[in-house]
Each structure stands twice: as C-alpha cells, then as structure tokens.
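Understanding the architecture of this molecule
Below are the chains, spelled out letter by letter.
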Amino acid sequence: MCAGGKKVLSAGEISFMIDKNDISISEISNQSTGYCPKSESWIEVNKVLQKIGIDYPDYFTTAFEFRLCTSCGSINLVKDDFFVCQVCGTELDKEWNFDKK
Ligand SMILES: [Zn+2]
C-alpha cells in the first residue's frame, strides 16, 4: 500500500516511543516474511526516516537474513550464518535471492 504499486524497497516492524510531545522510534526491524527484505535495505529506510525528522536508531535494532530455498521454495530465516534450508537441508545462497523467484 505504501509503495503505491511500485517496487517495495524495505518492510518490517517499527515501534514508537511517545513522551509528552516527543515521538521517537525505539525498535525497528526488517522482519517481514511477506517481503523478506534485505538487511541492506536499511539504506532506504534511513533515507525516509531522515526526511521525517524524528529520533531513530542508527540501524535496524534487529536485522534478519532471509533466503529462499531454491530446492523446495521455503522461506528461511538464517541464524548464526548457517545457510542450510530448515525444511529440506539444501544449502542456501549466500546472497539474498528473492529477486530470483
Ligand atoms: Zn528447502
């Protein structure tokens, strides 16, 4: 909806802190299993947040690495640099690969 039908540059979750008349971002992540955005999409998020002019963290407070299994099509959340599909055991691409769907 926010992208207006154009390519989605990032996605995730965001929490705000409200203190009297001040608002800031307390938590922000790229946690979206729908869009599975690259952690490098912070660059796009940062551009938008700079325009808004509120306080926000220097980077995602939690950054996720998603990979698509090229064998079974499962979405995987990579933990501890373990690039193996949790469903079928196939080795996962080291680079973000949802553009190859
Ligand atoms: Zn798999």
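Let us look at the structure shown here. (Residues numbered from 1 in each chain as written. Predicted model: local features only at pLDDT ≥ 70, side-chain atom pairs only at ≥ 80, totals over all residues. Heavy atoms only, no water.)

Moving on: the packing of aromatic side chains. Scanning all chains against the criterion turns up six aromatic pairs. Consider the rings of tryptophan 96 and phenylalanine 98, whose centres lie 5.8 Å apart with planes at 50 degrees: the pair is tilted. Taken together, the aromatic side chains of Trp42, Tyr56, Tyr59 and Phe60 make up a single cluster linked through ring pairs. (Phe/Tyr/Trp six-rings, centres within 6.5 Å; stacked < 30°, edge-to-face > 60°.)

The next subject is the coordination of the zinc ion. Bound to the zinc ion are the protein donor atoms Cys69 (SG), Cys72 (SG), Cys85 (SG) and Cys88 (SG), situated 2.3 Å from the metal. Summarised as a motif, the one-chain spacing of the donors to the zinc ion is C-x2-C-x12-C-x2-C. For cysteine 72, a relative accessible area of 37% puts it in the partly exposed group. (Donors = N, O, S within 2.8 Å, 3.2 Å for Na, K, Ca; no water. Buried < 20%, exposed > 50% of the residue type's maximum accessible area, 1.4 Å probe, protein only.)

To continue, consider a nonpolar patch on the surface. Taken together, the side chains of Ile14, Phe16, Ile18 and Ile23 make up a nonpolar region of the molecular surface, amounting to roughly 400 Å² of accessible area. For the nonpolar patch, the element with the most residues is strand β1 (residues 13-19), which contributes three residues. As for its placement among the helices and strands, isoleucine 14 is situated in strand β1. (Patch = residues over 30% accessible without salt bridge, like charges linked within 9 Å, V, L, I, M, F, W, Y side chains within 5 Å. Areas by Shrake-Rupley, 256 points an atom, 1.4 Å probe, with all protein chains shown as cover. Salt bridge = Lys/Arg side-chain N within 4 Å of Asp/Glu carboxyl O. Helix = DSSP H or I, 4+ residues; strand = E, 2+ residues; numbered from the N terminus.)

Here we take up helix α1 (residues 42-52). Listed as buried for α1 are Trp42, Val45 and Leu49. Buried positions in α1, seen along its axis, are confined to an arc of 60 degrees and lie on one side of it. Of the exposed residues in α1, the ones pointing more than 90 degrees away from its buried face are Ile43, Gln50 and Lys51. Taken together, the buried residues of α1 touch β2 (22-29). Glycine 53 lies just past α1 and shows a positive phi near 80 degrees. (Arc of directions from axis to C-beta. Contact = heavy atoms within 4.5 Å.)

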